[in-house]
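Chain by chain, the residues:
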Amino acid sequence: MISEHPIIVANWKMNTTLADAIIIASSVRKALEEMHHVEVILCPEFVWLYPVKEKLSKFPLSNLKIGAQNISQFDNGSYTGEISAQMIKNLVQFVILGHSERISNFDEDENTTNKKIKLALDHDIYPIVCVGERTKSETSVTFVVNKLKRILKTISHEEYQNILIAYEPIWAIGTDKEAESDYVDEVAKKIKEELSDDLKVLYGGSVDSENASNYLIHRHIDGLLVGRASLKAREFVEICSLANGGCDDIG
Ligand code: 13P
């Protein structure tokens, strides 16, 4: 079951050493002992999934989960270098799919993301499906919603309760130019209206502890997908603490 509490996802991308991964994961776990109104999902690099899981499973917390950053679009076979959903299904509960960095650097498209979503669901992994527009001028609620509809084509409505959406405008990723929170709320609202109220919608793009609350106070924004700020344990814990602090449901 996906949590009803605000959801904070850490996307470490390809940035941590094993030592970094263990230190951040341990710090977050320790801080979460005191936080019971937030769900946190750490998404390490593939090679650190096992050691991070090992570390966290010594003192498990029900609101601290592990996710992967990608899976193969194939289930098994002769695909050198690929990692399948079934290989990691015992390590993770979530997987980030369709991130713009997969699309721009590895030629993935809406069809690829769709195949990966189906495979993740088949293996009982909750997909965190990213969607967003490339440029600020392209920004429109309809553009984003239509893109998401195409990505989710062939996914049944019953499955929507097992999917998280991450609205990540590409121009806001890694730029320190975060999107207006009112606009993000409008996008999240529209996604729920047009697709399903069961979908939880997160925001990602230059989130930090200074701006996190701006999003969390909004009714339709269910959490955050954090890149750079998730690499600094103290900063990330602060974001989790803001989410835990009951910022949801006010807006
Ligand atoms: P930043 O938070 O570094 O902008 O990255 C966002 C992101 O891509 C999360 O998936």
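Just so it is clear, the structure is predicted and the values come from calculations on it, not from any experiment.

### Remarks on the packing of helix α1 (residues 18-32) against helix α9 (residues 233-244)
At a minimum axis separation of 9 Å, α1 and α9 run at an interaxial angle of 35°. The crossing of α1 and α9 is right-handed. On α9, the residues that touch Ile 24, Ser 27, Val 28 and Ala 31 of α1 are Ala 233, Phe 236 and Val 237.

### Regarding the sheet that holds strand β2 (residues 39-43)
Around the barrel, eight strands lie side by side as β1-β2-β3-β4-β5-β6-β7-β8; this closed barrel has parallel pairing. With strand direction ignored, the average angle separating the axes of adjacent strands in the sheet is 25°. Sheet topology note: the strand β5 (residues 126-131)/strand β6 (residues 164-167) ladder contains four bridges and is parallel. Bridge pairing links Cys 130 to Ala 166 in β6. Of the strands in this sheet, β2 and β3 (64-68) are in contact with helix α2 (residues 46-57), which crosses β3 at around 165°. Contacting β1 (7-11), β2 and β8 (223-226), α9 crosses the sheet at an angle of about 165° to β1.

### Concerning α9
Its twelve residues give α9 an end-to-end C-alpha distance of 16 Å, which sits within 8% of 16 Å, the value for a rise of 1.5 Å per residue. Restricting attention to buried positions, one finds in α9 the residues Ala 233, Phe 236, Val 237, Ile 239, Cys 240, Leu 242, Ala 243 and Asn 244. Those residues of α9 that are buried lie in contact with β1, α1, β2, α8 (212-216) and β8.

### Points about the site of the ligand
Surveying the vicinity of the ligand reveals 13 residues, the closest of which are Lys 13, His 99, Gly 174, Ser 206 and Arg 228. Within the side chain of Asn 11, one N or O atom sits 3.0 Å away from an oxygen atom of the ligand. Across the shell around the ligand, the residue classes tally to four nonpolar, six polar and three charged.

### Things to note about the side chain of Ser 181
Inspection of the secondary structure assignment puts Ser 181 in helix α7 (residues 181-194). Not counting the four nearest positions on each side in its chain, Ser 181 is found in contact with Asn 214, Tyr 215, His 218 and Ile 221.

How each quantity is defined
Residues numbered from 1 in each chain as written. Predicted model: local features only at pLDDT ≥ 70, side-chain atom pairs only at ≥ 80, totals over all residues. Heavy atoms only, no water. Axes fitted to C-alpha atoms, helices over the stretch in contact; angles between N-to-C directions. Helix = DSSP H or I, 4+ residues; strand = E, 2+ residues; numbered from the N terminus. Left-handed = near helix turned anticlockwise from the far one by under 90°. Contact = heavy atoms within 4.5 Å. Pairing = 2+ DSSP bridges. Expected span 1.5 Å × (residues − 1). Buried < 20%, exposed > 50% of the residue type's maximum accessible area, 1.4 Å probe, protein only. Near = heavy atom within 4 Å. Polar contact = N/O pair within 3.5 Å; in protein donor to acceptor, adjacent residues only side chain to side chain. Nonpolar A, V, L, I, M, F, W, Y, C, P; charged D, E, K, R; others polar.

Keep in mind these values describe shape, not function.
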